[in-house]
Amino acid sequence: MQSIKKVGIFTSGGDAPGMNACIRASVRTALHAGKSVVGVYHGYQGMIDSNFEEMSSRSVSNIIQLGGTILKTARCKAFRTKEGRQQAYDNIKTAGIDGLIAIGGDGTFTGAEIFSREHNIPVVCIPGTIDNDLYGSDFTLGYDTATNTVIEAIDKIRDTAASHDRLFFVEVMGRDSGCIALNAGIAGGAEAILLPEKATAIQDLCSQLEIAAKGNKASTIVIVAEGEKNGGAYNVAKAVKDRFDFYDTKVTILGHLQRGGSPSSFDRVLASRLGFAAVRHLLAGSTRVMVGLWGNEIRTTPLEEALNNKAFKLSEDMLEMVEVLSI
Ligand code: F6P
């Protein structure tokens, strides 16, 4: 095994708060070990376009508190083709990059796994997505910040909902994962939560809302994950509205504001630990693994195992608790 001399670092897929703190940690850990570091802009697209920049310790000054990613990000279709990956490999080889740190979600991990096998280039991945849906880490970068953003929004909506005796449907991100919806819903005192992992019949939701209505509640908030099976908050609100005509019904879609903002202290510390560990593992010879938090330990998981397992397992107990606590 030849030792790595130049580490390429990139972010890919949806941005997440904490990515910058993680770039900072990765860059500085590699520099501290005497390696050169290249930032790759726009994820896999940047490899295909040779969008590279040499990084110093000062390139990552004053970014630990910033949301988004200074390296930019993209979802790259060309990288899904063999030709695209060949072009990317030729470019990183010409740039002298001989090891990669990838920060992103499952799409990023899938690309890294294929690319690393195809071209024998070492890659260590770091879980960065607000969805918290990656097996191999109790938490992904950005999830804590995003959940806190959602809770802040729910609290504000509660103020106005209670003042007008209204029924609100609040849609949160999560095409395939209900982790944000479930936990932010519990923390925000939601009356009901709809998740992608479980089909909820409108009739069942109405029964839940009837209990809330009979309890003389001043406000009712239903959290709807964007990927739930009835088609999102507008559709659910439309279906429920006719049966609860005494309610003034409103819909709020939180959308991409959930992805922005300064990372929480939890995300900054997690980002620093994962960036540090990822580079150390890469330089020690690991490849096709992700680093993740297990309890309070940082561990590695093979990418293949991470990609073949589901992270967020819906807890029926928690859903039952939502019903009980909202009486
Ligand atoms: O994967 C993170 C995520 O924010 C999902 O929760 C959401 O469904 C998706 O990205 C939105 O992606 P885009 O910004 O490309 O519309």
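Keep in mind it's a predicted model, so treat the numbers as computed, not measured. (Residues numbered from 1 in each chain as written. Predicted model: local features only at pLDDT ≥ 70, side-chain atom pairs only at ≥ 80, totals over all residues. Heavy atoms only, no water.)

### A few points about the overall build of the protein chain
The cut-off we apply is this: Secondary structure elements follow DSSP: runs of H or I of four or more residues count as helices, runs of E of two or more count as strands, with numbering from the N terminus. Radius of gyration: over C-alpha atoms. The globule rule applied is 2.2 Å multiplied by the number of residues raised to the 0.38 power. Think of it in three bands: residues with accessible area under 20% of the maximum for their type are buried, residues over 50% are exposed, and the middle band is partly exposed, with areas taken using a 1.4 Å probe on protein chains only. In what follows, residue pairs with any heavy atoms lying within 4.5 Å of each other are defined as contacts. What sets the accessible areas is the Shrake-Rupley method with a 1.4 Å probe; for residues, cover comes only from the shown protein chains. His is not counted, nor are the chain ends; Lys and Arg add positive charge and Asp and Glu add negative charge. Every charge is mapped onto a representative atom, which is NZ of Lys, CZ of Arg, CG of Asp or CD of Glu.
Scanning the protein chain from N- to C-terminus turns up eleven helices and eleven strands. What you see for the protein chain is a C-alpha radius of gyration of 22 Å, in line with the 20 Å of a compact globule of 327 residues. Dimensions of the protein chain, computed from the C-alpha atoms along their principal axes, are close to 70 × 35 × 35 Å. By the burial criterion, 52% of the 327 residues in the protein chain qualify as buried. Partitioning the intrachain contacts of the protein chain with sequence separation of at least 6 by distance along the chain shows that 76% fall at a separation of at least 24. As displayed, the protein chain offers around 14400 Å² of accessible surface, 49% of which is attributable to carbon and sulfur atoms. Separation of charge centres in the protein chain, based on 34 positive and 37 negative side chains, amounts to 7 Å.

### A closer look at the nonpolar core
Threshold: Side-chain atoms within 4.5 Å are what join buried Ala, Val, Leu, Ile, Met, Phe, Trp, Tyr and Cys residues into a set we call a nonpolar core. Segmentation of the chain into domains, including their bounds, is taken from an automatic or database domain assignment.
One finds Ile 101, Ile 103, Ile 126 and Ile 223 to be the most contacted residues of the largest nonpolar core, which totals 59 residues. Looking at this core element by element, the count peaks at eight residues for helix α5 (residues 143–164). Each of domain 1 (6–142 + 263–308) and domain 2 (144–259) gives at least three residues to this core. If sequence neighbours within four positions are ignored, Ile 126 has contacts with Cys 22, Ser 26, Ile 101, Ala 102, Ile 103, Gly 104, Phe 109, Leu 141, Leu 274, Gly 275, Ala 278 and Val 291. Residues Tyr 44, Ala 102, Ala 112 and Ile 121 belong to the second largest nonpolar core, which totals 24 residues.

### What to know about the site of the ligand
Quick reminder of the rule: Definition of nearness: a residue and a molecule or strand are near each other if at least one heavy atom of the residue lies within 4 Å of the molecule or strand. For this analysis, a polar contact is any N or O atom pair within 3.5 Å, provided that within protein one partner can donate a hydrogen and the other can accept it, and provided that sequence-adjacent residues contribute only side-chain to side-chain pairs. The nonpolar class holds Ala, Val, Leu, Ile, Met, Phe, Trp, Tyr, Cys and Pro. Asp, Glu, Lys and Arg form the charged class, and all remaining residues, Gly among them, are polar.
In the vicinity of the ligand, the residues found are Arg 75, Thr 129, Ile 130, Asp 131, Met 173, Gly 174, Arg 175, Glu 226, His 256 and Arg 259. A distance of 3.3 Å separates an oxygen atom of the ligand from a polar backbone atom of Gly 174. Glu 226 places a polar side-chain atom, nitrogen or oxygen, 2.4 Å from an oxygen atom of the ligand. When the free accessible area of the ligand is taken as 400 Å², the share hidden by the protein chains comes to 78%. Of the residues that constitute the shell around the ligand, the class distribution is two nonpolar, three polar and five charged. Among the domains, domain 1 (6–142 + 263–308) and domain 2 (144–259) are the pair contributing at least three residues each to the shell around the ligand.

### With respect to the domain arrangement of the protein chain
Which entries qualify depends on this criterion: Note on definitions: buried area is the accessible-area loss of two parts on being combined, 1.4 Å probe, summed for both. We define a salt bridge as a contact between a side-chain nitrogen of Lys or Arg and a carboxyl oxygen of Asp or Glu at a distance within 4 Å.
Domain assignment breaks the protein chain into domain 1 (6–142 + 263–308) and domain 2 (144–259). Distance between the C-alpha centres of domain 1 and domain 2: 34 Å. Between domain 1 and domain 2, the residue contacts involve 14 residues of the former and eleven residues of the latter. Of the roughly 990 Å² buried where domain 1 meets domain 2, counting both sides, 50% is carbon and sulfur surface. Linking domain 1 with domain 2 are one salt bridge. Between Asp 15 and Arg 259 there is a salt bridge, with its nearest N and O atoms 2.9 Å apart.

### Examining the sheet that holds strand β2 (residues 36–40)
We apply this condition: When DSSP locates at least two bridges between a pair of strands, those strands are taken to pair. Geometry is summarised by axes, namely lines fitted to C-alpha atoms with helices restricted to the contacting stretch, and by angles between N-to-C directions that run from 0 to 180 degrees.
Read across the sheet, seven strands follow the order β3-β2-β1-β4-β5-β10-β11 without closing on themselves; strand pairing throughout is mixed. What marks the edges here is a single partner per strand, and that holds for β3 (52–54) and β11 (297–302). On average, each strand axis in the sheet is inclined to that of its neighbour by 25°, with strand direction left out of account. Inspection of the sheet shows β2 paired to β3 by three bridges, in the antiparallel sense. Its bridge partner lying in β3, Val 38 is registered against Glu 54. Contacts between helix α4 (residues 106–119) and the sheet are confined to β1 (6–11), β4 (99–104), β5 (123–127) and β10 (289–294), with β5 contributing the most and set at about 175° to the helix. Here helix α9 (residues 265–283) sits on the sheet in contact with β1, β4, β5, β10 and β11, set at roughly 140° to β10.

### Describing unusual backbone geometry
The backbone of Ser 50 shows a phi angle near 55°, a positive value even though the residue is not glycine. You can see Ser 50 is positioned in the loop between α2 (43–48) and β3. When its relative accessible area of 38% is taken as the criterion, Ser 50 is described as partly exposed. A positive phi angle, near 50°, is found at Asn 132, a position not held by glycine. Structurally, Asn 132 can be placed in the loop between β5 and α5. Take Asn 132: its relative accessible area is 8%, and that puts it in the buried class.

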